[in-house]
Amino acid sequence: MARRRKKIAIIYDFDGTLSPGNMQEYDFFPKLNVKPKDFWAAVKKRAKDNNADEILSYMTLMLERATSESGVCIKKESFKTYGKGVSLFCGVDTWFSRINKYAKKMNLNPQHFILSSGIKEMVEGTTIAENFEEIFASSFIYDQHDIAISPGVAINYTTKTQFLFRINKGVLNVWDNAKINEFVEKKERDIPFEHMIYIGDGLTDVPCMKLVKELGGHSIAVYAPRKRNAKEKAMKLMMNERVSLVAPADYSEGKLLEQQIKAIIEKIHADLELERFQEESMK
């Protein structure tokens, strides 16, 4: 009888990790007729002046600018439409099918997750949305007309870590705080940390990168190949033992990132085989 495939989780940040830029900058900001640097500067000022969270500040400012200044549609389906224009790094479009095929060859069940401070509805509009088991990202609350009225979920660099435990325990909804805090034996958890791979691009990913690495998983810092000083910043994360590996954000077949992911998949497979042999030896 064939053995049941063990789950592994590959968890991705979005902006700067799967996409070269911030998702709002492709279609949404042009409709607002606002320059990205001006918008983000206003966000930082608002957060500083009010001692507020930057994610909540940018989400609120998005709604204010769209309704009061530009008349830009902020329905849920509109955000998904804005997501269709988001660019992706080279090779991302075929990445998931290739990695899934290889993981299954190693008798593993791969599950992909987004964990981002960006807008969930925009990610849902991208060409790769169907590949994810769950998209954990900031999102809005909508009124009866499906119009965004306020932030509903705001994910910043520290609150990101709770979603790793949701993946770990198999509690994939955002609202259930009771179940996520229940004690669950390690062997009973849905996806152990040792079977997680976190891929991110910068300081906002550090808590997740460090947590996954310290709990036995693997974290990879990716960088835009042509961006100035990007490689140096990623290498610093590795030197400070915050990540396991570093690679250019090129998801094409045969490139370094694919080689690294395949090597980690092979290691997980080998570790599981060793565990099986140890269990059989004890019988």
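The structure this text deals with has already been given above.
Residues numbered from 1 in each chain as written. Predicted model: local features only at pLDDT ≥ 70, side-chain atom pairs only at ≥ 80, totals over all residues. Heavy atoms only, no water.

Enquirer: Got a sec to walk through the pattern of salt bridges? Specific residues and values, please.
Expert: According to the stated counting rule, one finds 14 salt bridges in the structure shown. The closest approach of N and O atoms between Asp-13 and Lys-160, which form a salt bridge, is 3.2 Å. Taken together, the residues span a long stretch of sequence, with Asp-13 in the loop between strand E1 (6-12) and helix H1 (28-32) and Lys-160 in helix H7 (residues 160-169) at a distance of 147 residues. The burial state of Asp-13 is the same as that of Lys-160; both residues are buried. The partner of Lys-80 in a salt bridge is Glu-77, and the shortest N-O contact between them spans 3.6 Å. Of the two residues, Lys-80 and Glu-77 are both situated in helix H4 (residues 76-83); the distance of three residues between them amounts to about one turn of the helix. Taking relative accessible area as the criterion, Glu-77 reaches 47% and is therefore assigned partly exposed. Several salt bridges converge on common partners, so that one network encompasses Asp-13, Lys-160 and Asp-205. (Salt bridge = Lys/Arg side-chain N within 4 Å of Asp/Glu carboxyl O. Helix = DSSP H or I, 4+ residues; strand = E, 2+ residues; numbered from the N terminus. Buried < 20%, exposed > 50% of the residue type's maximum accessible area, 1.4 Å probe, protein only.)

Enquirer: How would you explain the side chain of Asp-250 if you had to name every residue and give the values?
Expert: Here Asp-250 shows up in the loop between strand E7 (245-248) and helix H11 (256-281). Of the side chains bearing the opposite charge, Lys-255 lies closest to the buried Asp-250, which forms no salt bridge; the N-O distance is 4.5 Å. Looking at Asp-250, its side chain comes within polar contact range of the side chain of Ser-252, at 2.7 Å. If near-sequence neighbours (up to four positions away) are discounted, Asp-250 is found in contact with Cys-90, Lys-255 and Leu-257. (Lys, Arg positive; Asp, Glu negative; His and termini not counted. Polar contact = N/O pair within 3.5 Å; in protein donor to acceptor, adjacent residues only side chain to side chain. Contact = heavy atoms within 4.5 Å.)

Enquirer: Go over the nonpolar core, please, and point to the residues and values.
Expert: By size, the foremost hydrophobic cluster in this structure holds 59 residues, and its most contacted members are Phe-28, Phe-79, Tyr-251 and Ile-261. Looking at this core, the element that brings in the most residues is helix H3 (residues 54-70), giving seven residues. Leaving out residues up to four positions away in the same chain, Phe-28 has contacts with Met-62, Ala-66, Val-72, Phe-79, Tyr-82 and Met-122. Ile-11, Ile-155, Val-206 and Val-212 belong to the second-largest nonpolar core, a separate cluster that totals 26 residues. (Core = buried A, V, L, I, M, F, W, Y, C linked by side-chain atoms within 4.5 Å.)

Enquirer: Which residues make up the packing of H7 against helix H9 (residues 206-214), and what values go with them?
Expert: Two elements in contact, H7 and H9, have axes whose closest approach is 8 Å; the angle formed by their N-to-C orientations is 40 degrees. Considering how the two elements wind past one another, H7 and H9 form a crossing that is right-handed. Residues Lys-160, Thr-161, Leu-164 and Phe-165 of H7 form the contact with H9, whose own contacting residues are Pro-207, Cys-208, Leu-211 and Val-212. The class makeup of the residues in the contact of H7 with H9 is six nonpolar, one polar and one charged. (Axes fitted to C-alpha atoms, helices over the stretch in contact; angles between N-to-C directions. Left-handed = near helix turned anticlockwise from the far one by under 90°. Nonpolar A, V, L, I, M, F, W, Y, C, P; charged D, E, K, R; others polar.)

Enquirer: Help me get a handle on the pairing of strand E6 (residues 218-223), residues and values and all.
Expert: Counting buried residues in E6 gives six out of six residues, a clear majority hidden from the surface. Of the two faces of E6, the one holding His-218, Ile-220 and Val-222 and the one holding Ser-219, Ala-221 and Tyr-223 are both buried throughout. In this structure, strand E5 (residues 196-200) lies alongside E6, joined through four bridges in parallel fashion. The residue of E6 that forms the bridge with Ile-197 is His-218. With four bridges joining them, E6 and E7 adopt parallel strand pairing. Its bridge partner lying in E7, Ile-220 is registered against Leu-245. (Pairing = 2+ DSSP bridges.)

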